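# A structural walkthrough
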Amino acid sequence: MALWNRLRKTPASNDPEKAPQPAAPLSTDSDAGTTTTRESSTPPSENRSTGIWSRIQQGLSKTRQILRTDIRDLFKKEGQLVDEAFLDQLFALLVRTDMGAGPARQILADVQSEFRGRVVHLDDVLTIIRNKLRELIAQPEQTLQLSTTGPTVLMVVGVNGSGKTTSIAKLAQSFSGQGKRVVLGAADTFRAAAVEQLTIWAGRIGADLVSAPQGTDPASVAHRAVARALETQADVCIVDTAGRLQTQTNLMEELSKIRRVINKQIPEAPHEVLLVLDATAGQNGISQAKGFSDAVQCTGIVLTKLDGTAKGGVIIPVRQQFGLPVKFVGVGEKAEDLIPFDSESFVRALFQDEG
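All figures in this text were calculated on a predicted structure; none of them were measured in a lab.

Cut-off values and rules
- Residues numbered from 1 in each chain as written.
- Predicted model: local features only at pLDDT ≥ 70, side-chain atom pairs only at ≥ 80, totals over all residues.
- Heavy atoms only, no water.
- Helix = DSSP H or I, 4+ residues; strand = E, 2+ residues; numbered from the N terminus.
- Expected span 1.5 Å × (residues − 1).
- Buried < 20%, exposed > 50% of the residue type's maximum accessible area, 1.4 Å probe, protein only.
- Contact = heavy atoms within 4.5 Å.
- pLDDT = per-residue confidence, 0-100.
- Salt bridge = Lys/Arg side-chain N within 4 Å of Asp/Glu carboxyl O.

## Here's the deal with helix α11 (residues 284–296)
The end-to-end C-alpha distance of α11, which contains 13 residues, comes to 18 Å, matching closely the 18 Å that a straight helix rising 1.5 Å per residue would cover. Every buried residue of α11 is accounted for by Gly-285, Ile-286, Gln-288, Ala-289, Gly-291, Phe-292, Ser-293, Ala-295 and Val-296. Elements that come into contact with the buried residues of α11 comprise β6 (152–157), α10 (249–265), β10 (272–278) and α12 (315–322).

## Description of the confidence of the model for the chain
Within the chain, residue pLDDT values average 79, and 77% of them lie at 70 or more. Confidence drops under pLDDT 50 across residues 1–49; counting only partners more than four residues distant or on other chains, this segment forms 114 contacts.

## Structural notes on the pattern of salt bridges
Counting across every chain of the model gives 12 salt bridges. Note that Asp-208 is salt-bridged to Arg-228, the shortest N-O span being 2.9 Å. With Asp-208 in strand β8 (residues 208–210) and Arg-228 in helix α9 (residues 218–232), this residue pair connects regions lying 20 residues apart in the sequence. Among the residues examined, Asp-208 registers a relative accessible area of 26% and is labelled partly exposed. Glu-272 is the partner of Lys-327 in a salt bridge, and the nearest nitrogen-oxygen pair spans 3.0 Å. Of this pair, Lys-327 sits in strand β12 (residues 326–330) while Glu-272 sits in strand β10, and the two are 55 residues apart along the sequence.

So this is what it looks like as structure tokens:
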């Protein structure tokens, strides 16, 4: 029995970080008691939307090569018969984008339903793939939920090397650029480099930093950071946490403790729990999403290192299996390279469709 036929019957399974450079802030607006963070509507000297599109496009170059160049290679002649051999080869290429077997099966099911036994051309197949990917990662516009009655608390989690502390610095820079008072909680007390990096950024942007000696209970640092935000009437408190493997049960429990401590101080907090996923992590990103969501009920994803070395397809199964919205994508080391995620732009960049 062909590979695709067998898989079709199998159900889908439910470096030290660099400091970014300052950039233009995000803007906020209020609606019914909540404030949402958006991309600033003030354009810089060059067209900002074009710049963002270009960076996303560059970051997805590996996946685009698979979807266009490698799939084109399946078409040895003008047309290609959609048979078991063709479906097997197409399935293997789709999985190479890091989207996983489940989404790849769904795409192939659409290709088979539409073209089984027919001779098709490259654009026919790419249209099916493009439309299915739009469906799989579609999400409403996502914004950070900010409190209007006190400090907003953001808790940021992820494994070591995912770009977590860098992303916090970028977010803090954006908030500070809006004139908001920011408190940074350096609760990654296991890694001195993380505290050092936040210390540098706190001084650079004028944020208040709460830290403690290495080995201090991280929950106590988070508690003091939130208390400082309440005491100084700060607008935002961002709590860094130690990078850890999602399989380390005792360390994940520590994250749960940090969340409970924050929640006792401000019942609505943390207002966001952002999971930072490295786009180069591949299918391990699914395991990370499950482990961290189970421990701290993540509310959104920051997809980092989408700079041309990653495939980025992991976001598809994560969206499908956990329903977590992608809030931001990181396409470089500068602060302006942390940009709001737009699913339509993401799919367009995969196929190099500029229109």
